[in-house]
Amino acid sequence: MARLRVGVLISGRGSNLQALIDACADPAFPAEIRLVISNVPGAPGLARAERAGIRTDIIDHKQFPDRESFDAALDLALDGAGIELVCLAGFMRLLTDGFVERWRDRMINIHPSLLPAFKGVKVHERVLAAGVRFTGCTVHFVRPAMDEGPIIVQSVVAVLPGDYAARLAERVLAEEHKIYPLALRLIAEGRVRVTDERAEISDTVGPVPAALSNPTG
Ligand code: GRF
C-alpha cells in the first residue's frame, strides 16, 4: 500500500516530530515523512530529521516581506515534495487564511490542552491558575482561527496536587507523543472523515479521502 506523504512544519525542539519519525520508521506504518520545514534556522528539530535521513528545508519567515509570500514559499516546498498531509508540530507562526483553506482537511496540529479549552500560549500556567482537575492534549484539523478545528484525538491528563507548569507539561507531552502518531495513522488509513465540522472516526480501514489522494510526487 502507498504510504501517505507527510510534511512536518516545526519551529523548535521537535519532540513531536520525533514521535512521528519513530512511528514512520515501522515499514508497516501507513505514512512517511517526506519533508521537514523549519521557519527557524538551527531549530533543534532539524537535526532529528537529518539523523533520520529526512529531507529538510529552512524557510526563514524573516526573509519574507509579508505572511503571504512566506506562506507561498511553504506551499511551493510542500507541493514540490508531493506532500499530501501537513503536520504542524510546534510551528510557531500564524498561517494566512488562504494557506489554511488550501490545506483544509489536509493539515493537522497538536495542542497541549483539551480543546476548545485553553487555546493559545502559556497553556499549563493557565490550566493551573484555573484550578481544573484534568487537562490533556488534542490533535485537530487546522482552521483559520488559532487552535480551532475538528478534533481527531484527545488524551486526558490529571492535574496533581503540587503540580507546576514544567511538571505538568512533561506529563502532557508524554501523551502528545502517543496521540500524534495515532491521529496520523487514523488519517492515513482513511478512517477519518470531516462532516459538519466534526471529525468522525470509522472502525474500518477505508480509502483515503479524495482531498488526501494527490497523484503527484
Ligand atoms: C508541544 O507542546 C505542542 O503541543 C505545541 O508546541 C509544543 C511543541 O513541542 N504545539 P515539540 O517541538 O514538539 O517538542
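See the structure shown above.
Bear in mind that the values here come from a model prediction, so they are computed numbers and not experimental data.

Trainee: Hey, could you run me through the overall build of the protein chain in this one?
Mentor: Counting its secondary structure elements, the protein chain contains six helices and nine strands. Relative to the compact-globule value of 17 Å for 217 residues, the protein chain shows a C-alpha radius of gyration of 17 Å, a close match. Each of the three principal axes of the protein chain carries a C-alpha extent, and together these read 50 × 45 × 35 Å. For the protein chain, the residues scored as buried account for 50% of the 217 residues in total. When contacts within the protein chain are restricted to residue pairs at least 6 apart in sequence, those whose partners lie at least 24 apart make up 62%. A total accessible area of about 10300 Å² is found for the protein chain, and carbon and sulfur atoms account for 56% of it. Measuring between centres, the 25 positive side-chain charges of the protein chain sit 4 Å from its 27 negative side-chain charges.

Trainee: Even after reading the chapter, I still don't get the packing of helix α1 (residues 15–24) against helix α6 (residues 165–188), so can you show me in this structure?
Mentor: Packed helices, taken two at a time, are described by the angle their axes make and the gap between the axes. Look at α1 against α6: their axes get within 9 Å of each other, and the N-to-C directions meet at 45°. In terms of their interaxial angle, α1 and α6 are classed as oblique. Where α1 crosses over α6, the two elements pack in a sense that is right-handed. Across the interface between the two elements, S15, N16, A19, L20, A23 and C24 from α1 touch L173, E176, H177, Y180, P181 and L184 from α6. When its residues are assigned to classes, the contact of α1 with α6 shows eight nonpolar, three polar and one charged.

Trainee: Help me out: how do you make sense of the site of the ligand in this one?
Mentor: If you check the shell around the ligand, you find R13, G14, S15, N16, G90, I110, H111, P112 and E176 and nothing else. Within the side chain of R13, one N or O atom sits 2.5 Å away from an oxygen atom of the ligand. Between an oxygen atom of the ligand and a side-chain N or O atom of S15, the distance comes to 2.5 Å. Out of a free accessible area of 370 Å², the ligand has 84% covered by protein chains. Elements with a contribution of two residues or more to the shell around the ligand: α1 and β5 (107–111). In terms of residue class, the shell around the ligand is made up of two nonpolar, five polar and two charged.

Trainee: Please clarify how the sheet that holds strand β6 (residues 134–141) should be interpreted in this entry.
Mentor: Two modes of strand pairing occur in sheets, parallel and antiparallel, and in both the strands are linked by backbone hydrogen bonds. Strands sit in the order β3-β2-β1-β4-β5-β6-β7 across an open sheet of seven strands; the sheet is mixed. Single-partner strands in this sheet number two, and they are β3 (56–58) and β7 (151–158). Going from strand to strand, the sheet's axes swing by 20° on average, the running direction of each strand aside. Relative to β3, strand β2 (residues 31–38) runs parallel, the two sharing three bridges.

About the thresholds
Residues numbered from 1 in each chain as written. Predicted model: local features only at pLDDT ≥ 70, side-chain atom pairs only at ≥ 80, totals over all residues. Heavy atoms only, no water. Helix = DSSP H or I, 4+ residues; strand = E, 2+ residues; numbered from the N terminus. Rg over C-alpha atoms; globule rule 2.2 N^0.38 Å. Buried < 20%, exposed > 50% of the residue type's maximum accessible area, 1.4 Å probe, protein only. Contact = heavy atoms within 4.5 Å. Areas by Shrake-Rupley, 256 points an atom, 1.4 Å probe, with all protein chains shown as cover. Lys, Arg positive; Asp, Glu negative; His and termini not counted. Charge placed at Lys NZ, Arg CZ, Asp CG, Glu CD. Axes fitted to C-alpha atoms, helices over the stretch in contact; angles between N-to-C directions. Parallel < 35°, antiparallel > 145°, perpendicular 65-115°, else oblique. Left-handed = near helix turned anticlockwise from the far one by under 90°. Nonpolar A, V, L, I, M, F, W, Y, C, P; charged D, E, K, R; others polar. Near = heavy atom within 4 Å. Polar contact = N/O pair within 3.5 Å; in protein donor to acceptor, adjacent residues only side chain to side chain. Pairing = 2+ DSSP bridges.

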